[in-house]
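Each chain, written out:
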Amino acid sequence: MDEKIIILDFGSQTTQLIGRRIRELNTFCEIVPFNKFPFEDKTVKGVILSGSPFSVNDKEAFKTDLSEIRGKYPVLGICYGAQLIAQTEGAKVIKTDSREYGRAKLSTHVDDQLFKDVLNLSTVWMSHGDSITNLPNHLQLIASTEDVEVAAYRVSDELTWGVQFHPEVVHTDEGVKLLSNFLDICGCKRDWTPASFVKSTLKNLKEELGNDKVILALSGGVDSSVTAVLLHQAIGKNLTCVFVDHGLLRKNEFEDVLTDYEHLGLNVIGVNAKDIFYKELSGVTDPEEKRKIIGKGFIDIFDEEAHKLKDIKWLAQGTIYPDIIESLSITGTVIKSHHNVGGLPEKMNLKLCEPLKLLFKDEVRKIGLELGMEPHLIHRHPFPGPGLGIRILGEITPDKVRIAQEADHIFISNLRKANLYNKVWQAGAILLPVQSVGVMGDQRTYENTIALRAVTSVDAMTADWAQLPYEFLAKVSNEIINKVKGVNRVVYDISSKPPATIEWE
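None of these values were measured; they are calculated from a predicted model. Here, residues in each chain are numbered from 1, in the same order as that chain's written sequence. Predicted model: local features are reported for residues with pLDDT of at least 70 only, side-chain atom pairs are reported and counted for 80 or more only, and whole-chain, interface and lining totals are derived from all residues. Each side-chain value is derived from all of the structure's non-hydrogen atoms; neither hydrogens nor water enter the calculation.

Trainee: Any chance you could explain the packing of aromatic side chains here in plain terms?
Mentor: Any two aromatic rings considered together are summarised by their centre-to-centre distance and by the angle between their planes. Here a pair means two rings of Phe, Tyr or Trp (six-membered ring of Trp) with centres within 6.5 Å. Their orientation is stacked below 30 degrees between planes, edge-to-face above 60, and tilted elsewhere. Across all of its chains, the model carries 13 aromatic pairs by this definition. Pairwise contacts between aromatic rings join Phe10, Phe34, Phe54, Phe62 and Tyr80 into one cluster. Sitting over the ring of Trp425, Arg365 keeps its end group 5.1 Å from the ring centre. By definition, being over a ring means that NZ of Lys or CZ of Arg is both within 6 Å of the ring centre and within 35 degrees of the ring normal.

Trainee: Please explain the packing of helix 4 (residues 194–209) against helix 10 (residues 361–370) as it appears in this structure.
Mentor: For any two helices packed against each other, one specifies the inter-axial angle together with the distance between the axes. Look at helix 4 against helix 10: their axes get within 9 Å of each other, and the N-to-C directions meet at 75 degrees. As the angle between them shows, helix 4 and helix 10 are arranged roughly perpendicular. Here Pro194, Ala195, Phe197 and Val198 of helix 4 lie close against helix 10, whose contacting residues are Lys366, Ile367 and Glu370. Polar here means any residue other than Ala, Val, Leu, Ile, Met, Phe, Trp, Tyr, Cys and Pro, which are nonpolar, and Asp, Glu, Lys and Arg, which are charged; Gly is therefore polar. Here the residues of the contact of helix 4 with helix 10 are counted per class, giving five nonpolar, no polar and two charged. Where helices are involved, their axes are fitted lines through C-alpha atoms of the stretch in contact, as for all axes, and angles between N-to-C directions lie from 0 to 180°. Under the scheme used here, helices are H or I runs from DSSP no shorter than 4 residues and strands are E runs no shorter than 2 residues, and both carry numbers assigned from the N terminus. Note on angle classes: values under 35 degrees are labelled roughly parallel, values over 145 roughly antiparallel, values of 65 to 115 roughly perpendicular, and the remainder oblique. Only heavy atoms matter for contacts: two residues are in contact if any of them lie within 4.5 Å across the pair.

Trainee: What am I meant to see in the pattern of salt bridges here?
Mentor: In a structure, side chains of opposite charge can pair up when their charged atoms sit close to one another. Any carboxyl oxygen of Asp or Glu that lies within 4 Å of a side-chain nitrogen of Lys or Arg is treated as forming a salt bridge with it. For the coordinates displayed, the defined rule picks out 24 salt bridges. A salt bridge links Glu30 to Lys4; its shortest N-O distance comes to 3.1 Å. Taken together, the positions of Glu30 in strand 2 (residues 29–33) and Lys4 in strand 1 (residues 4–9) put the pair 26 residues apart, joining distant regions of the chain. One salt bridge in this structure joins Asp212 and Lys313, with 3.7 Å as the shortest N-O distance. With Asp212 in the loop between helix 4 and strand 10 (213–218) and Lys313 in strand 13 (residues 312–316), this residue pair connects regions lying 101 residues apart in the sequence. Several salt bridges converge on common partners, so that one network encompasses Arg20, Arg21, Glu24 and Asp362.

Trainee: Mind showing me how you'd approach the nonpolar core here?
Mentor: Note that soluble globular proteins tend to have their nonpolar side chains buried in a common cluster. If you look at the biggest cluster of nonpolar residues, it comprises 50 residues, and the most contacted ones within it are Val244, Phe411, Leu415, Ile450, Leu452, Leu468 and Ile480. At eight residues, helix 12 (residues 398–417) tops the list of elements feeding residues into this core. The contacts of Leu452, once residues within four sequence positions are left out, are Phe411, Gly428, Ala429, Leu473, Val476, Ile480, Val490, Val491, Tyr492 and Asp493. Only buried residues count toward a nonpolar core. Its members are Ala, Val, Leu, Ile, Met, Phe, Trp, Tyr and Cys residues joined through side-chain atoms within 4.5 Å. Remark: exposure states derive from per-residue accessible area (1.4 Å probe, protein chains only) relative to the maximum for the residue type, with buried under 20%, exposed over 50%, and partly exposed in between. Formed by 39 residues, the second largest nonpolar core is a distinct cluster that contains Phe28, Leu205, Leu216 and Ile320.

Trainee: Would you explain helix 8 (residues 287–308) in this entry?
Mentor: Here, expected helix span is obtained from the residue count minus one, scaled by 1.5 Å. Helix length check: helix 8, at 22 residues, gives a terminal C-alpha distance of 32 Å against a target of 32 Å (1.5 Å per residue), a fit within 8%. Throughout this description, a polar contact denotes any pair of N or O atoms lying within 3.5 Å of each other; where both atoms belong to protein, one of them has to be capable of donating a hydrogen while the other can accept it, and for residues adjacent in sequence the pair is counted only when both atoms sit in side chains. Looking at where helix 8 begins, the residue whose side-chain oxygen comes 3.2 Å from the main-chain nitrogen of Glu288 is Asp286.

Trainee: Sorry, what's going on with the environment of Asp408 here?
Mentor: With respect to the element layout, Asp408 can be found in helix 12. A residue is classified by how much of its surface remains accessible, and Asp408, at 2% relative accessible area, is buried. When the C-alpha atoms of Asp408 and Glu503 are compared, they prove to be 14 Å apart, with 95 residues separating the residues in sequence.

Here it is in structure tokens:
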């Protein structure tokens, strides 16, 4: 890629959505922390400043020096970003009597290239507690709403704009048009497509890896599978894939996935490591500790397999953008650690190759189809690296794994039979550390509870619970209780993300 937009992240919940909108306009973008602008990158065409949970007047607010960015690149400040620029230029940012949240009608006062063909009195989405006032003369007022005078402005004689509303959300009618205008101002060619990504990535991989040998951590999921095919096309026989059965995969998944990989022509080593992982996880109940044990187990096994091979210099992983975002936040808060994020122990002495690390899940699927992969591989639901280890709440035992596998298999099989599988982003069964009284025949039971989880989403940054038909849920519940020994109760999770996460642990 020879051009990109940089989004400076000030902590907004919609920062990733800005990125999605820019990519949907066929322009590559990269999200970086507010104070980590890549000045050395010669492909940057423009800069967007995101919103923030802070007020610009807060002591802990994220601030950065924009003097070397403004004037050199077109700049668009959104919400907090707009307030930051305005305050820097001498305007006042004051706390309003009430937080403005929701739809408003935008009235434009002057013709401006950022608002070209944007309909007057269109609906915009507001979400702020501060307002910009007392604009100095060199900040030109462009648009207002009924309650907010400064809804948009431009810095005179400079390609710098600020908008108080959020053009990235669907509630802003002309938001995509406004962002498209900004890309025109930046001179973007709009030529970033799956085909262009594959072409440029294959070229870069060939140059970076040369004749080096690479070992790839396969999980059986979409991300690592696409990574494998991409690397296979770039370096062929120099790629060796390792697929580890940690005993926490779905029912029959180890055998099924190995068969799929054989059809792709990949060189795959299958490793049965169930006993190792069960032993290490014995007695462990904390979810973060389980994730770390499973992640360390992967690394140890890859290290062992790598040492069996000659001259391995790289370890490849199917890391994608949401993995990195959840693991590394600008506030330093870790939501969940991911086993394929953060590099490798020095003892392995291998360099890291993550060709998909800047892509969202739906983009990865498009890349897979571009590479010629079969749709049934591309459209598989996401499955976490730690597998059932984070869908079995509490201690993990072989018997609990059996229960979780059987319940999950019934759930997923029925989704496919009912033609609901492709309407759901992700689904699975969670074994709860809860036992309850039941009756089977004339006997009292005291057995386990299964929670079914199914969500709709675009990229897993946000998700809503899937409104599956009652008849379907009743059928699945009945089948699980009747066929899975040890379960006498099934419940359905109706939590959205946020505030909940998709996985329970």
